Amino acid sequence: MYFSLQKVIQMSQAFVRESDEQWLHEVAPTLNSLIVYLTRENNGIRVYEQKRDVNPETGREVHAMSNGLSYSKDEQSKWYVV
């Protein structure tokens, strides 16, 4: 009985870890980190950068990604959808 209970606890902990969510603003401020995050959110289908521009109003880089959205970083280097 002890061993089966231990397996159940280990399995339930694995499911809890698997369901941990990460928000876009929590992703490290590197393009590689953004790509890893977006690929995970896209069910493992690779997301890549299609185009990189600089917003003339803000002077910030804008990354157009293959998922159809564009991303940039704010004043605190946090990612956001443009």
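Reference entry: report on the structure contained in this document. In this text, all values refer to a predicted model and were calculated from it rather than measured experimentally. (Residues numbered from 1 in each chain as written. Predicted model: local features only at pLDDT ≥ 70, side-chain atom pairs only at ≥ 80, totals over all residues. Heavy atoms only, no water.)

## What about the overall build of the protein?
A tally of regular secondary structure across the protein gives two helices and four strands. Seen in sequence order, the protein has helices and strands lined up from the N terminus as α-α-β-β-β-β. For the protein, the proportion of its 82 residues judged to be buried stands at 17%. Of the contacts formed within the protein by residues at least 6 apart in sequence, a portion of 22% connects residues at least 24 apart. Split by element, the accessible area of the protein, about 6,400 Å² in all, is 54% carbon and sulfur. (Helix = DSSP H or I, 4+ residues; strand = E, 2+ residues; numbered from the N terminus. Buried < 20%, exposed > 50% of the residue type's maximum accessible area, 1.4 Å probe, protein only. Contact = heavy atoms within 4.5 Å. Areas by Shrake-Rupley, 256 points an atom, 1.4 Å probe, with all protein chains shown as cover.)

## Regarding the environment of Gln22
When you line up the elements, Gln22 lands in the loop between helix 1 (2-18) and helix 2 (31-41). For Gln22, a relative accessible area of 28% translates into the label partly exposed. For the pair formed by Gln22 and Glu41, sequence separation is 19 residues and the distance between their alpha carbons is 9.5 Å. What Gln22 contacts, discounting residues up to four positions off in sequence, is Val27, Tyr37, Arg40 and Glu41.

## Some details on the pattern of salt bridges
Under the defined criterion, the tally for this structure stands at four salt bridges. Of the charged contacts in the structure, one is a salt bridge between Asp53 and Lys51, with a shortest N-O distance of 3.5 Å. Its relative accessible area of 49% is what places Lys51 among the partly exposed residues. Within the structure, one salt-bridge network assembled from shared partners comprises Glu49, Arg52 and Glu61. (Salt bridge = Lys/Arg side-chain N within 4 Å of Asp/Glu carboxyl O.)

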